[in-house]
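Structural overview for review
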Amino acid sequence: MTNACNALQLAQEQIADLDLQLLKRKLRSTESPCDTKALVNGRELKAFCSNDYLGLANHPDLIQALAEGAAQYGVGSGASHLISGHSIAHEILESKLADFQRQHIPDARALFFSTGYLANLTAITALARLAPNGSTNIYSAKLNHASLIDGVRLASAQTKARVHLFDHQDINTLSESLKADQSALKIIVTDGVFSMDGDLAPVKRLLEVAEQYDALLLVDDAHGFGVLGKHGHGILEQENICSDRIVYIGTLGKAAGVSGAFVCAHATLIEWLIQKGRPFIYSTATPPAIAHTLSKSLDIIEGNEGSSRRTQLNKLIRIWQDEMHFAQWEKVPSCTAIQPVILGSNANALLAAKLLDDAGYWIPAIRPPTVPIGSARLRITFSANHSEADLRQLIATLKTIEQTAIQKISHE
């Protein structure tokens, strides 16, 4: 008989500690397609928690396109892009993605990835290698999401790049830091839409600072691609900006409804990522059938249907802003499909999520480390497939649940 594994004991102790802090996460399995209603453990719940902002994840045209892609290309790619996995379906998709940003990035070229995490790791680490070790400074917005943070950390470990955090609402301080920076390479890294607050980065002002002090500006528009801008091209279209120093990352598993991500930048920078981006070089390519499906998704986003779906989404956002008023809970101002409600403690957030679940809604509690300590929340998200009646019913339910939660807490 062998001694008990120390790693198992450590894991058990730390998982128990997470549970005590009300920070343990749990998986819930859905039994239905991604839509505004989800079947979970045999119960139908009204879902206001996915990132399927345009409601394309279960679109019949995309289901058909995936079947067509599988019939034409099979179900796997077989190798990395630089071996034999790069299909004409990938090439067509990348060309379309570059066209989406061509008015905003001169000589634009796009590179497709299986996930946004890989796209960010590749872009940040490879760009940091452009300058000799220790001569790159990275300026990262404090509220950036996990894959940007990890990309910056990995770049720092690999290249000795120095990392500086900045408040995206305080551009003057960032400007002063860049003014004093004499490093060979400077990279500003920011979300386009901050995923937990739903507010927009001041990309136009950030670009002005980047141009003034010769920095690259990397914008991860994971929650803006498909929904921002007249044609759904994202935050660069919405802000009407153009520069060859912009590196744009877009996610294809949110508003685009499928999976994957892409980096779009000047063709020279994309060529550098192909040569030096380790996660790209050493990852098996996404199945061509997925790329084929995404090409159809882009057609929908840019066409009349995409415009109609964005109109519906914006209508829901206005209704929420005008009609959702809390007695004590904090509604965060947001012009996007992400509408957080701050509850403070982990216990409060879990209670609200439980009461919502009892009422037939799926809106999970978001807790640290995803958000800062003391700012646990409900992260409510809208889809173009939600009706105005759906939203008004949620608003009425939330008002009732807030009063129930307040009374329960006051009696404890």
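Computed from a prediction, not measured in an experiment: that's the story for all the values here.

1. Considerations on unusual backbone geometry
Residue P369 is reached from P368 by a cis peptide bond, and omega for that bond is 5 degrees. Assignment of secondary structure puts P369 in the loop between β13 (365-366) and β14 (376-381). Phi at N240 is positive, roughly 55 degrees, even though this residue is not glycine. If you trace the backbone, N240 turns up in the loop between α9 (235-239) and β8 (246-251). Residue classification places N240 among the exposed residues on the basis of a relative accessible area of 64%.

2. Remarks on the layout of surface pockets
By volume, the second largest pocket is sized at about 190 Å³. Taken together, H81, L82, H86, E91, E94, S95, A98, R109, A110, L111, I274 and F280 make up the full set of residues lining the second largest pocket. With four residues, helix α4 (residues 88-101) is the largest single contributor of residues to the lining of the second largest pocket. Looking at side-chain class alone, the lining of the second largest pocket contains six nonpolar, three polar and three charged residues.

3. Quick notes on the packing of aromatic side chains
Using the criterion set out here, one finds eight aromatic pairs in the structure. Relative to F225, the ring of F100 lies with its centre 5.8 Å away and its plane at 35 degrees, an arrangement referred to as tilted. Note that F100 is positioned in helix α4 and F225 in the loop between β7 (216-220) and α9, a separation of 125 residues in sequence. For F225, a relative accessible area of 0% gives the class buried. Members of the aromatic cluster, joined through ring pairs, are F48, W320, Y361 and F382.

4. A word on the sheet that holds β8
Strands pair in a sheet through their backbones, by hydrogen bonds, and they do so in one of two ways: parallel or antiparallel. One open sheet holds the seven strands; their spatial order is β3-β9-β8-β7-β6-β4-β5, and the pairing between them is mixed. Unpaired on one side and paired on the other, β3 (108-113) and β5 (162-166) mark the two borders of the sheet. If you compare each strand with its neighbour and ignore which way they point, the axes differ by 20 degrees on average. Pairing of strand β6 (residues 185-191) with β7 involves five bridges; the strand directions are parallel. Counterpart to D191 in the pairing with β7 is D220.

5. Remarks on the pairing of β6
By the criterion of burial, β6 is predominantly enclosed, with seven of the seven residues buried. Alternating residues of β6 divide into L185, I187, V189 and D191 and K186, I188 and T190, and every residue in both groups is buried. When strand β4 (residues 136-141) meets β6, the two strands line up parallel, connected through five bridges. Directly across from T136, in β6, lies its bridge partner L185.

6. Some words on helix α1 (residues 6-20)
Look at α1: 21 Å from first C-alpha to last across 15 residues, which is about the 21 Å you get at 1.5 Å a residue. Looking one or two residues past α1, L22 carries a phi angle of roughly 60 degrees, positive in sign.

7. Section: the sheet that holds strand β10 (residues 330-331)
Read across the open sheet, the four strands follow the order β10-β11-β14-β13; overall the sheet is antiparallel. Across the chains shown, the open sheet's two edge strands, defined by having one partner strand only, are β10 and β13. In terms of strand pairing, β10 meets strand β11 (residues 338-344) through two bridges, oriented antiparallel. Bridge pairing links K331 to V341 in β11. Sheet strands touched by helix α14 (residues 346-358): β11, β13 and β14. Its angle to β14, the strand with the most contacts, is close to 35 degrees.

Reading guide: rules and limits
Residues numbered from 1 in each chain as written. Predicted model: local features only at pLDDT ≥ 70, side-chain atom pairs only at ≥ 80, totals over all residues. Heavy atoms only, no water. Helix = DSSP H or I, 4+ residues; strand = E, 2+ residues; numbered from the N terminus. Buried < 20%, exposed > 50% of the residue type's maximum accessible area, 1.4 Å probe, protein only. 1 Å grid on protein atoms, 1.4 Å probe; cavity = no way out; pocket = protein on both sides within 12 Å on 5 of 7 lines; lining within 4 Å. Points joined across faces, edges and corners; volume = space filled by probe spheres on them. Nonpolar A, V, L, I, M, F, W, Y, C, P; charged D, E, K, R; others polar. Phe/Tyr/Trp six-rings, centres within 6.5 Å; stacked < 30°, edge-to-face > 60°. Pairing = 2+ DSSP bridges. Axes fitted to C-alpha atoms, helices over the stretch in contact; angles between N-to-C directions. Expected span 1.5 Å × (residues − 1). Contact = heavy atoms within 4.5 Å.

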